[in-house]
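Residue strings, one per chain:
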Amino acid sequence: MNEKLSIKEIRERLSDKTGRDYWRSLDELAETEAFRDFMDKEFPRQAAPLEGSWHRRDVLKLLGASLALAGLGACARPVLPHEKIVPYVQAPEEMIPGRPLFFATAALHGGYAEGVLAESHQGRPTKLEGNPDHPASLGATHALTQASVLSLYDPDRSDTVLEGGQVRSWEQLTALVSAAVENLDQGRGLRLLTETVTSPTLARQISDLLARFPEAVWHQYDTSHGDSAVAGARMAFGRDIATSYHFDQADVILSLDADFTYSGPGRLRHAKDFASRRRVRTADDGMNRLYQVETFPTTTGSLADHRIPLTPAGVVALAAAVAQGLGVDAPTAALPAGIDQVWLDALLEDLNAHQGSSLVIAGHEQPAAVHALAHAMNEALGNVGRTVRYHQPVEARPEDHGASLRDLAQAMNDGSVEVLVTIGGNPVFTAPADVAFGAALDSVSLSVHLGHYLDETGTRSSWHAPLVHELEAWSDARSSDGTTTIMQPLIAPLFGGRSAHELLAVLLGDDASGYDIVRSYWRGRVEGDFDDFWRRTVYRGTVAGSEAAGEEPSLQPFAIDIPEETDLQAVFRLDPSIGDGRHANNGWLQELPNPFTKLTWDNVALLSPTTAEQLGVANEDLLTLSAGGRDVEAPVWVQPGQAVGTVVLNLGYGRTHAGRIGSGLGFDAYALRSGGEPWSTAVAAQPARGRFKLADTQTHHALDGTGERRHIVRSGSLVAFQNEPAKPHFAHPVEEHESNLYPDYVYESYAWGKVIDMTVCTGCNACVAACQAENNIPIVGKDQVRIGREMHWIRVDSYYKGDIDNPEFFSMPMACQQCEQAPCEPVCPVGATVHDHEGLNAMVYNRCVGTRYCSNNCPYKVRRFNFLQYAELGTNATELSLANNPDVTVRSRGVMEKCTYCTQRIAQARITSNNEGRTIRDGEVVTACQAACPTDAIVFGDINDPNSVVTQTKTSAINYTVLDELNTVPRTSYLAKVTNPNPRLVAPVEVDS
């Protein structure tokens, strides 16, 4: 029986019992029959369920066949093609086989630069790491950045110049475009459409183009652009001003629906700075305090000390109420549901008590009024010049992208556009539905699209040409604080693409290369030896002294309106994995579980439990949503902690021309989006017939059974820690016990260990993506994920605590715990999983015959068995094989895989230190997950070194190991999550005797 409970029935079950301290899903919380059946299986969803009646002989046949296939798969070797090898006798001096080189460049997100170091193996980029010297990244990376290497080698990328679907050459395209532009009277009828431009070189080219053709018009459109932030600054100051936030100086933060650690310009810097004031090792350490109001759970909100779910209208009303309480001239508004006067008074008191060390930030999706109020509140609190600084705009031309696109569409419909050149982006897909950009594009006689893929815009344009990847071209770009990076290529264009610089050079009557164009721009702006400047700048990754000049704007009076609440409000968000849809063909990102829903390969209509109950729907039911005369049908997913009366729709799915991976997945939420209300709109909902199966990993690999309380997640307040500084009860709820009767093994050299700090872990998935890129981990597809066969070596488990309408959130990265007394080792019949002399639980892939005994015996459920031939080997290799890290084995089917603490990085450090006659220095080995983490939540090193950071961290009174009652003695431990709530808003803390 597959029991399916409504939200009302779940609530009824919960009212009859106290429930669990921490829970992962509503089914688990209510202990439904489906969940109990799921937990009773030895391998939950690890293999397809056996349907019907099975006889003993049939079962034995199945087991025998499985073991035979596993053994054959482990021993299989690909048939290698016969080919001649030509020695690389002219290799550059710095290129040493087996030793990667690193080059400083930048990854672009929303047009803004994030500094990276690109790893290259004999001219083949395989991995991106954060550049520690770049102010926008400080060594961290985003999950999207980690996955961008896969997009570089995507065989579905555009590789041909096309006219109406017919193959043409670059020479034919450039000749046609040049002639067409020259025939226009001073450029009348020429329109240029780009995404956000921060590149100084590209901005100068566009400026030169407009000077040469004064009647031409430049438009910009990027779904992720902060139109409201631009409009809010103009409302508050009367001109364009950019804002930098300094969370490392802030003691109290009010976030108005801002996911500042995960999205928007400066996100990596924000995450680093915010975590630096939140990290706790002893009871004497101080902490910042975060008040978060938001519509949907975010990675930033998961760390909040006080979090309230609010509708979009509720956020505006609260912003006005707080502003008024701080002395700002704002309209009076009724407090939104979920906020009472006590909460508001406590917030105001806290902000006023930290004038100059507080910070108010508005979310990207909030209207201009909220941004203007945030500026006014920071001014009233004396934060300007301390936690908030203003500077000149970083963008070449700040503007309302939505309005610019509407103007372009109107001009195309009016017949006043004769030549349209689109550089990057996919406006046919991403434009608001009421703009009807695709239909308007059809009326243009000559439209040229320069893009990475033959996407929806490329197919509707009269000409399409391939655009180079960021790692294939010279360019430059600015970060959120204005710092400029000169971007260098690591590989020649794989698919014959050209850069935006080269296409604009054609329009300017030039035929220069991207390298010459970028150098020419900077040559005119450097005093002294230019070649010396060029070498230093390209090597470092930043142009010295290029930060944006500071500004001291004055507030001007402004008026705002408080929107009215609606019965149901659709809220649009960029998908956390594929963004606005541009990453839809990246398999790593499609299979990356959503930070909260843990869904993969689809988008859904997210509802709060109360809203789902009101509509009479549950998970995987279908819902018809209507707005502006347009309908979409979407599967439902119930999300605890979401604001009542909202339906959250992630953009980016429903693609028709994304590629073999991304086409046909999910539904198109852009169909409900309007230009006037781009981030939220009133919507009607009606349950539809049928259900839609989704691939959700939330309950996969659960560590505890129904009704058990194994103290996996441990958390408490800073006050509780201060009351018990030596051994806080919340971190150590059970008595410690002796390890065993046998003496421990003595490690004479290194003993590797790890600590994960749950206080600052946001669950952003950067570690998961980094591990996948580093260790050649394949994707398996939606069907295999649904039966629990995802291959990620590290996962981020999400837990909830408290009421289902507004719970607390906990993120726990879980990989191989490297147990000192590993239960997986003694059960392996062939010794494939062994302990080495440095304490690593190693895997010998060539020995593994796929019995899966080790997985059955692992209490942490961190081992992955590759049932099918996912990897590209020999005869089935494509361009994607070039993304593989040569330092890590590419596994064939039938073997067990797991985290190895990046043993290849340990080996490299060992070789280097031995050659130099020294020991490995602390911090010399950085695992892939540790390197990517934006909040530095992961610490790794030698626990035999008493002075190492990891050893010092493990001495914290809140350090603990998961399932320590099993005596596995893990090398990975955790720091219990500590929060810092306002004492006025919590009950007094009692010390357990």
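Residues numbered from 1 in each chain as written. Predicted model: local features only at pLDDT ≥ 70, side-chain atom pairs only at ≥ 80, totals over all residues. Heavy atoms only, no water.

Secondary structure assignment for the chain yields 28 helices and 40 strands. A buried classification covers 59% of the 993 residues belonging to the chain. The contacts of the chain with a sequence gap of at least 6 include a subset with a gap of at least 24, amounting to 75%. Total accessible area on the chain is roughly 39100 Å²; 51% of this is exposed by carbon and sulfur atoms. (Helix = DSSP H or I, 4+ residues; strand = E, 2+ residues; numbered from the N terminus. Buried < 20%, exposed > 50% of the residue type's maximum accessible area, 1.4 Å probe, protein only. Contact = heavy atoms within 4.5 Å. Areas by Shrake-Rupley, 256 points an atom, 1.4 Å probe, with all protein chains shown as cover.)

Strand β23 (residues 621–627) sits mainly inside the fold: 5 of its 7 residues count as buried. With 6 bridges joining them, β23 and strand β27 (residues 684–691) adopt antiparallel strand pairing. Across the sheet, the residue bridging to L623 is P687, located in β27. Pairing geometry for β23 and strand β24 (residues 630–638), over 6 bridges, is antiparallel. Bridge pairing links L623 to A634 in β24. In this antiparallel pair of consecutive strands, β23 and β24, the connection spans 2 residues, and G628 shows a positive phi of 60°. (Pairing = 2+ DSSP bridges.)

Below, the discussion takes up the environment of H700. Inspection of the secondary structure assignment puts H700 in the loop between β28 (695–696) and β29 (715–717). On the accessibility criterion, H700 (1% relative accessible area) is buried. Taking the C-alpha atoms as reference points, H700 and R789, separated by 89 residues in sequence, lie 9.4 Å from one another. Here D696 takes part through its backbone oxygen, which lies 3.3 Å from a polar atom of the side chain of H700. Side-chain polar atoms of H700 contact the side chain of E790, separated by 2.9 Å. (Polar contact = N/O pair within 3.5 Å; in protein donor to acceptor, adjacent residues only side chain to side chain.)

A few words on the pattern of salt bridges. Summed over all chains, the structure comprises 39 salt bridges. For R269, the salt bridge goes to D273, with nearest N and O atoms at 3.0 Å. Highlighted residues: R269 and D273, both in helix α9 (residues 267–276), separated by 4 residues, approximately one helical turn. One network of salt bridges, with partners in common, ties together K127, E129, E774 and R905. (Salt bridge = Lys/Arg side-chain N within 4 Å of Asp/Glu carboxyl O.)

Looking now at the sheet that holds strand β30 (residues 752–757). One open sheet accounts for 4 strands, arranged β37-β30-β39-β38; its pairing is mixed. With one partner strand each, in any of the chains shown, β37 (938–942) and β38 (959–960) form the two edges of the open sheet. Here β30 runs beside β37; their pairing, made up of 5 bridges, is antiparallel. In the strand pairing of β37, V755 is matched with V939.

Further remarks concern the packing of aromatic side chains. The final tally for this structure, using the stated rule, is 24 aromatic pairs. Pairing Y291 with W343 gives two aromatic rings, centres 5.8 Å apart and planes at 90°, and the pair type is edge-to-face. With Y291 in strand β10 (residues 289–294) and W343 in helix α11 (residues 341–353), this residue pair connects regions lying 52 residues apart in the sequence. The class for Y291 is buried, based on a relative accessible area of 0%. Judged by its relative accessible area of 8%, W343 is buried. For the ring pair F530 and F533, a centre distance of 5.9 Å and an interplane angle of 40° mean the geometry is tilted. Residue F530 and its partner F533 are both found in helix α19 (residues 530–540); the two are separated by 3 residues, about one turn of the helix. A relative accessible area of 7% means that F530 is categorised as buried. Overall, the relative accessible area of 10% leaves F533 in the buried class. Every member of this aromatic cluster is reached through a ring pair, and the members are W474, Y515, Y521, W522, F530, F533 and W534. The lysine or arginine in question, K977, covers the ring of F810, its NZ or CZ lying 4.9 Å from the ring centre. (Phe/Tyr/Trp six-rings, centres within 6.5 Å; stacked < 30°, edge-to-face > 60°. Lys NZ or Arg CZ within 6 Å of the ring centre and 35° of its normal.)

Turning our attention to unusual backbone geometry. At A436, a position not held by glycine, the phi torsion is positive, near 50°. With respect to the helices, strands and loops of the structure, A436 is situated in the loop between α14 (427–430) and α15 (437–441). Looking at A436, the relative accessible area reads 39%, which means it is partly exposed. Of note, the phi angle at H701 is positive, near 60°, even though the residue is not glycine. Relative to the elements of secondary structure, H701 occurs in the loop between β28 and β29.

Our next topic: helix α8 (residues 227–237). Residues D227, S228, V230, G232, A233, A236 and F237 constitute the buried set of α8. In this fold, the buried residues of α8 make contact with α12 (368–380), β13 (388–391) and α13 (401–414). Following α8 by one or two positions, G238 adopts a phi angle in the positive range, close to 80°.

This brings us to the side chain of S228. With respect to the secondary-structure elements, S228 resides in helix α8. We classify S228 as buried; its relative accessible area is 14%. Setting aside anything within four residues of it in sequence, one finds S228 in contact with H364, Q366, P367, A368 and H371.

Attention now goes to the sheet that holds strand β19 (residues 550–551). Ordered in space as β8-β13-β19, the 3 strands form an open sheet in which the pairing is antiparallel. Looking at the sheet topology across the chains shown, the edges are occupied by β8 (242–245) and β19. In the sheet, β13 pairs with β19 via 2 bridges, with the strands oriented antiparallel. For H391, the partnering residue across the bridge sits in β19 and is G550.

Turning our eyes to something else, we now look at the nonpolar core. In this structure, W752, M812 and V962 are the most contacted members of the largest nonpolar core, which totals 87 residues. If you tally residues by element for this core, the top one is helix α23 (residues 766–774), at 5 residues. The residues contacting W752, other than those within four sequence positions of it, are E838, L840, Y901, I906, I920, V925, F940, G941, D942 and R971. (Core = buried A, V, L, I, M, F, W, Y, C linked by side-chain atoms within 4.5 Å.)

Residues at a pLDDT of 70 or more form 89% of the chain, whose mean pLDDT is 88. Low confidence marks residues 42–85, where pLDDT is under 50. Its contacts with residues over four positions away, or in another chain, come to 46 contacts. (pLDDT = per-residue confidence, 0-100.)

Our next topic: the pairing of strand β1 (residues 101–109). Summarising the sheet, β1 and strand β2 (residues 112–121) pair through 9 bridges and their orientation is antiparallel. The residue bridging F102 from the neighbouring strand is E119, located in β2. Where β1 hands over to β2, the hairpin turn is made up of 2 residues, of which G110 adopts a positive phi near 65°.

Right, let's talk about the environment of G839 for a bit. Take G839: it is sitting in the loop between β33 (833–835) and β34 (841–843). On the basis of relative accessible area, G839 is assigned to the buried category, the value being 0%. Remark: the alpha-carbon pair of G839 and Q821, spanning 18 residues in sequence, is separated by 9.9 Å. Not counting the four nearest positions on each side in its chain, G839 is found in contact with Y747, Q818 and R971.

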